[in-house]
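Commentary on secondary and tertiary structure
Spelled out from the first residue to the last, the chains are:
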Amino acid sequence: SQGSGPGQMLRAHGLEFSPDGRRLYVVDVDNNRVSVFDPRSGQFLFAFGKKGSGTGEFRDAHGIGVAPDGDVIVSNYYGPVQRFTADGKFRFEFAPSGFRGW
């Protein structure tokens, strides 16, 4: 449903499945987070991220991808691309100057 609560979204901008198909990751630009669901049942599992410019925080998170090892990669409109574990723990960032300065 629409909103800012657990499992709710305002403007989903991308989605990706885990390599084993057991998780669906959805990036929400307006809530600046990634919500994770069980794709078979639709059950909300957890979310990670929040608005900010610090490590592991998002500045208008737009794109999402999942690496073969299960890591989640999130691009921000105004900031770095960041890599997280499958459980949402920050690993590292790259392309820190934003999309125009890459």
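The text that follows walks through the structure, step by step, so that each part is easy to find. Along each chain, numbering runs from 1 in the same order as the chain's sequence is written. Totals for whole chains, interfaces and linings use every residue, but because this is a predicted model, local features are given only for residues with pLDDT of at least 70 and side-chain atom pairs only at 80 or more, for both listing and counting. The side-chain quantities take in all heavy atoms of the structure and omit both hydrogens and water.

What to know about the sheet that holds strand β6 (residues 72–76)
With respect to topology, four strands assemble into an open sheet ordered β5-β6-β7-β8, the strand pairing being antiparallel. The two strands at the open ends of the sheet, each matched to only one other strand, are β5 (61–66) and β8 (90–94). Strand-to-strand, the axes of this sheet are offset by a mean angle of 20°, without reference to chain direction. As defined by bridge partners, β6 adjoins strand β7 (residues 81–84) across three bridges and the pair is classed as antiparallel. Paired with valine 72 across the bridge in β7 is phenylalanine 84. Here, any two strands with at least 2 DSSP bridges between them count as paired. For helices the rule is a DSSP run of H or I covering at least 4 residues; for strands it is a run of E covering at least 2, with both sets numbered from the N terminus onward. Fitted lines through C-alpha atoms give the axes, limited to the stretch in contact for helices. The angle between two N-to-C directions lies from 0 to 180 degrees.

A few points about a nonpolar patch on the surface
Every patch collects residues that have over 30% relative accessible area and no salt bridge, joining them within 9 Å if they carry like charges and within 5 Å if they are nonpolar side chains (Val, Leu, Ile, Met, Phe, Trp, Tyr). For every accessible area listed, the method is Shrake-Rupley and the probe measures 1.4 Å; residues are considered covered only by the protein chains on display. A pair is scored as a salt bridge if a Lys or Arg side-chain nitrogen falls within 4 Å of a carboxyl oxygen belonging to Asp or Glu. There is a patch of nonpolar side chains on the surface, built from Phe90, Phe92 and Phe94 and spanning about 260 Å² of accessible area. With respect to the helices, strands and loops of the structure, phenylalanine 92 is situated in strand β8. Burial classes: relative accessible area under 20% of the type maximum marks a residue as buried, over 50% as exposed, and values in between as partly exposed (1.4 Å probe, protein chains only). Judged by its relative accessible area of 39%, phenylalanine 92 is partly exposed.

Comments concerning the packing of aromatic side chains
Under the pairing criterion, centres of Phe, Tyr and Trp rings, with the six-membered ring standing for Trp, must be within 6.5 Å; the plane angle then separates stacked pairs below 30 degrees from edge-to-face pairs above 60, leaving the rest tilted. The full count for this structure, using the stated rule, is six aromatic pairs. Seen from their ring centres, phenylalanine 37 and phenylalanine 44 are 5.8 Å apart, and the 65° between their planes marks the pair as edge-to-face. For phenylalanine 37, a relative accessible area of 10% puts it in the buried group. Residue classification places phenylalanine 44 among the partly exposed positions, given a relative accessible area of 27%. Seen in terms of ring centroids, phenylalanine 92 and phenylalanine 94 are 6.2 Å apart; in terms of plane orientation they differ by 40°. Their pairing is tilted. Site record: aromatic cluster; members linked through ring pairs are Phe48, Phe58, Phe84 and Phe90.

Structural notes on the pattern of salt bridges
Across all of its chains, the model carries eight salt bridges by this definition. The salt bridge partner of arginine 23 is aspartate 87, with a shortest N-O separation of 2.9 Å. With arginine 23 in the loop between β1 (12–17) and β2 (24–28) and aspartate 87 in the loop between β7 and β8, this residue pair connects regions lying 64 residues apart in the sequence. Residue arginine 23 is classed as partly exposed on the basis of its relative accessible area, which comes to 22%. Linking lysine 51 and aspartate 60 is a salt bridge whose minimum nitrogen-to-oxygen distance equals 3.9 Å. Counted as one network, the salt bridges with shared partners bring together Asp69, Asp71, Arg83 and Arg91.

Topic: the nonpolar core
In these notes, a set of buried Ala, Val, Leu, Ile, Met, Phe, Trp, Tyr and Cys residues joined through side-chain atoms within 4.5 Å is what counts as a nonpolar core. Membership of the largest hydrophobic core is limited to 12 residues, which are Tyr25, Val27, Val34, Val36, Phe48, Phe58, Ala61, Ile64, Val66, Val72, Val74 and Phe84. Residue assignment for this core shows that the elements contributing at least two residues are β2, β3 (33–37), β5 and β6. Broken down by element, the residue count for this core peaks at three residues, all from β5. Contacts were defined at the residue level, with two residues in contact if any of their heavy atoms lie within 4.5 Å. For valine 66, the residues in contact, after removing those within four places along its chain, are Glu16, Phe17, Ser18, Pro19, Tyr25, Asp71 and Val72.

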